[in-house]
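# Architecture at a glance
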Amino acid sequence: MTSPIRLRFAPSPTGPLHMGGVRTALYNYLLAKKLNGKFILRIEDTDQTRFVSGAEEYIKESLAWCGIEFDEGTNGKGEFGPYRQSERKELYRNYADQLIERGWAYYAFDSSEKLNTIRLELEAKNEVFIYNAESRKQLDNSLTLSLQEVEEKLKAGEAYVIRFKIPEGEEVIFTDLIRGEVSVKTATLDDKVLFKSDGMPTYHLANIVDDHLMQISHVIRGEEWLPSAPLHVLLYRAFDWEAPAFAHLPIILKPIGKGKLSKRDGDKMGFPVFPLKWNDSISGESFSGYREEGYFPEAFVNMLALLGWNPGTEKEIFSMDELIEAFSLERVGKSGSKFDPEKTKWFNQHYLRTKSTKELAALFQLQLQEKNIQIEIEKLGEVVELVKERAVFVKDFWEHSYFFFQSPQEFNPQVVKKRWKENTAGFMADLKELFATSPKWESEYLHDVAADYIQKNELGFGMVMNALRLAIVGDGIGPDLFKIIAFIGKEDCLNRIDFAISTLK
Ligand code: GLU
């Protein structure tokens, strides 16, 4: 028996998935899992003119990266397939015909040129053209033509579309699980095309037919679909099918709190809007992605979950399992949610700190390899331990640790001015000798060697140590100096001191 709880994410492959789309998928997934139901991925590709190659793969890769797994869909699993609408196109016509038979739809033969002319004439009078219960009485359709005329036109192969017949003078009322009761007068609705002259259904028809055939119990989608919901409710009524529960999610607002977050905002304001990097083959534009910018999927998902939903407690850090446990539509807000890029970084920093040294070292190793630096994971772990607390991203490790891997080529002039005095070179030469003959090469031992020297010669601790750091690092920064010295090894250490002495005259 199939579970009565079935939710779907139904993207159109018209481009990459915006983070708002990922949030829609996530909320569907969370509710499906919470209610022990199924999560389905359906690809809505009936609009051939908007098809973008690579978009479907992008969508799937994004969901996989986020850990949003689907139970049924184009992965070959599930008994309600095919799950790609272009592969189901044969079945929609029959449903359009059923609506005509039941008096809920009609043939419309008006050419697009004719409709355009009417549109322009009305625009000139500051009016808007809508194909609706009023205007359809004057137009070229099976409601105004005789049965015989219609049959002749069909036989002659004249182009037509099938439109939904919005009932006159009614009010459509339905419950939205987030917004409560929604009521819309049919006079405000237009007779949407259900079936196009190219033999393909429109989104509205295919979406309702498939949600019905796939036994979808809840439709969770973006607020931009709310205006379509009354038509969808009427379509269910027209077919005599039970409608699923609807929930329309709030929009995601720009960080300033006003206006919808758009695909170009991110790169303008310095944060990604897409889960993965996307190169637009048509416009040539490229958009950054959370993955490539170095975010962990856990951080991205945790941030998205809280963008519109709140747990009702102070808790902010949620694993996917905890989200499933805590999620409910009752705690999704109606009003837009402001996106906060700084908070997203905070989440990343949190998750970075929870990773094991080994895991981080493996990621850091990949970055070092790009710089042609080869180092074993074990050894790299020592560096990771020292810089991990200072980083938001693994890519930050480098700026906090480059001196572990390369000796200074130059010295920060401000630090030189402050730390390198006339007699410094002499102290450094002494230290170099002591290090050269040191029987052990361990951070604490070397520290004691240097401290001993300072004490015996009654020198300033800071004066000598800061100069030594400048010699080793090239700057006044970095973690425990003797950990750096131990890591780079004797030879490199002695060379660095030599180079400083000869350069900083
Ligand atoms: N194909 C629609 C989209 O691209 C699906 C809307 C819905 O979930 O009904 O968003």
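Quick note: structure is the one above.
Residues numbered from 1 in each chain as written. Predicted model: local features only at pLDDT ≥ 70, side-chain atom pairs only at ≥ 80, totals over all residues. Heavy atoms only, no water.

## Describing the site of the ligand
Neighbouring the ligand are the residues Arg8, Ala10, Ser12, Glu44, Tyr203, Asn207, Arg221 and Trp225. One of the side-chain N or O atoms of glutamate 44 is found 2.7 Å from a nitrogen atom in the ligand. Between asparagine 207 and the ligand, the recorded distance is 3.1 Å, taken from a side-chain N or O atom to an oxygen atom. Isolated, the ligand exposes 300 Å² of accessible area, and the fraction of that covered by the protein chains is 85%. Counting atoms within 2 Å of the grid points, the majority share of the ligand lands in the largest pocket. Among the residues forming the shell around the ligand, the class breakdown is 3 nonpolar, 2 polar and 3 charged. (Near = heavy atom within 4 Å. Polar contact = N/O pair within 3.5 Å; in protein donor to acceptor, adjacent residues only side chain to side chain. Areas by Shrake-Rupley, 256 points an atom, 1.4 Å probe, with all protein chains shown as cover. 1 Å grid on protein atoms, 1.4 Å probe; cavity = no way out; pocket = protein on both sides within 12 Å on 5 of 7 lines; lining within 4 Å. Sits in = over half its atoms within 2 Å of the grid points. Nonpolar A, V, L, I, M, F, W, Y, C, P; charged D, E, K, R; others polar.)

## Thoughts on the packing of helix α16 (residues 424–436) against helix α20 (residues 490–503)
The contact between α16 and α20 brings their axes to 10 Å, and the two run at 165°. Viewed along their axes, α16 and α20 adopt a mutual orientation that is roughly antiparallel. For the element pair α16 and α20, the recorded crossing hand is left-handed. Residues Ala425, Met428, Ala429, Lys432, Phe435 and Ala436 of α16 form the contact with α20, whose participating residues are Lys490, Cys493, Leu494, Ile497, Asp498 and Ile501. Class assignment for the residues of the contact of α16 with α20 results in 9 nonpolar, no polar and 3 charged. (Axes fitted to C-alpha atoms, helices over the stretch in contact; angles between N-to-C directions. Helix = DSSP H or I, 4+ residues; strand = E, 2+ residues; numbered from the N terminus. Parallel < 35°, antiparallel > 145°, perpendicular 65-115°, else oblique. Left-handed = near helix turned anticlockwise from the far one by under 90°. Contact = heavy atoms within 4.5 Å.)

## Some points on a negative patch on the surface
Where like charges cluster on the molecular surface, the negative patch consists of Glu442, Glu444, Asp448 and Asp480. Mapped onto the secondary structure, glutamate 442 falls in the loop between α16 and α17 (443–456). Residue classification places glutamate 442 among the partly exposed positions, given a relative accessible area of 44%. (Patch = residues over 30% accessible without salt bridge, like charges linked within 9 Å, V, L, I, M, F, W, Y side chains within 5 Å. Salt bridge = Lys/Arg side-chain N within 4 Å of Asp/Glu carboxyl O. Lys, Arg positive; Asp, Glu negative; His and termini not counted. Charge placed at Lys NZ, Arg CZ, Asp CG, Glu CD. Buried < 20%, exposed > 50% of the residue type's maximum accessible area, 1.4 Å probe, protein only.)

## Re the nonpolar core
In terms of nonpolar packing, the biggest core is built from 110 residues, with Phe405, Phe435, Leu468 and Ile472 touching the most fellow members. Looking at this core, the element that brings in the most residues is helix α1 (residues 19–34), giving 9 residues. Those residues in contact with isoleucine 472 that lie beyond four places of it in its chain are Pro408, Leu481, Ile484, Ile485, Ile488, Cys493, Arg496 and Ile497. Counting 42 residues, the second largest nonpolar core, distinct from the first, contains Phe109, Val184, Ile216 and Phe246. (Core = buried A, V, L, I, M, F, W, Y, C linked by side-chain atoms within 4.5 Å.)

## Examining the pairing of strand β3 (residues 105–108)
Of the two faces of β3, the one carrying Ala105 and Tyr107 and the one carrying Tyr106 and Ala108 are both buried. As judged from the 4 bridges shared by β3 and strand β4 (residues 161–164), these two strands associate in the antiparallel manner. Bridge assignment links alanine 108 to a residue of β4, and that residue is valine 161. (Pairing = 2+ DSSP bridges.)

## Description of the layout of surface pockets
Estimated volume of the largest pocket: approximately 1200 Å³. Along the wall of the largest pocket there are 50 residues; nearest its centre are Pro11, Ser12, Thr14, Glu224 and Trp225. Sorting the residues of the lining of the largest pocket by element identifies β1 (6–9), α1, α6 (203–213) and β8 (218–222) as the ones contributing at least two each. In terms of residues, the lining of the largest pocket owes the most to one element, α1, which gives 5 residues. Its residues assigned to classes, the lining of the largest pocket shows 20 nonpolar, 15 polar and 15 charged. Its volume calculated, the second largest pocket comes out at about 350 Å³. By residue number, the principal contributor to the lining of the second largest pocket is helix α12 (residues 357–370), which donates 4 residues. Residue classes in the lining of the second largest pocket are distributed as 8 nonpolar, 2 polar and 6 charged. (Points joined across faces, edges and corners; volume = space filled by probe spheres on them.)

## Digging into the packing of aromatic side chains
Throughout the structure, instances matching the rule amount to 34 aromatic pairs. For the ring pair tyrosine 58 and tryptophan 278, a centre distance of 5.2 Å and an interplane angle of 85° mean the geometry is edge-to-face. Linking tyrosine 58 in helix α2 (residues 55–66) with tryptophan 278 in strand β11 (residues 278–279), this pair joins segments that are 220 residues apart in sequence. Tryptophan 278 matches tyrosine 58 in its accessibility class, with the two residues each being buried. Both rings, one in phenylalanine 404 and one in phenylalanine 405, keep their centres 6.2 Å apart while their planes meet at 45°; by these two values the pair is tilted. Residue phenylalanine 405 is classed as buried on the basis of its relative accessible area, which comes to 15%. (Phe/Tyr/Trp six-rings, centres within 6.5 Å; stacked < 30°, edge-to-face > 60°.)

The analysis is restricted to geometry; functional conclusions fall outside its scope.
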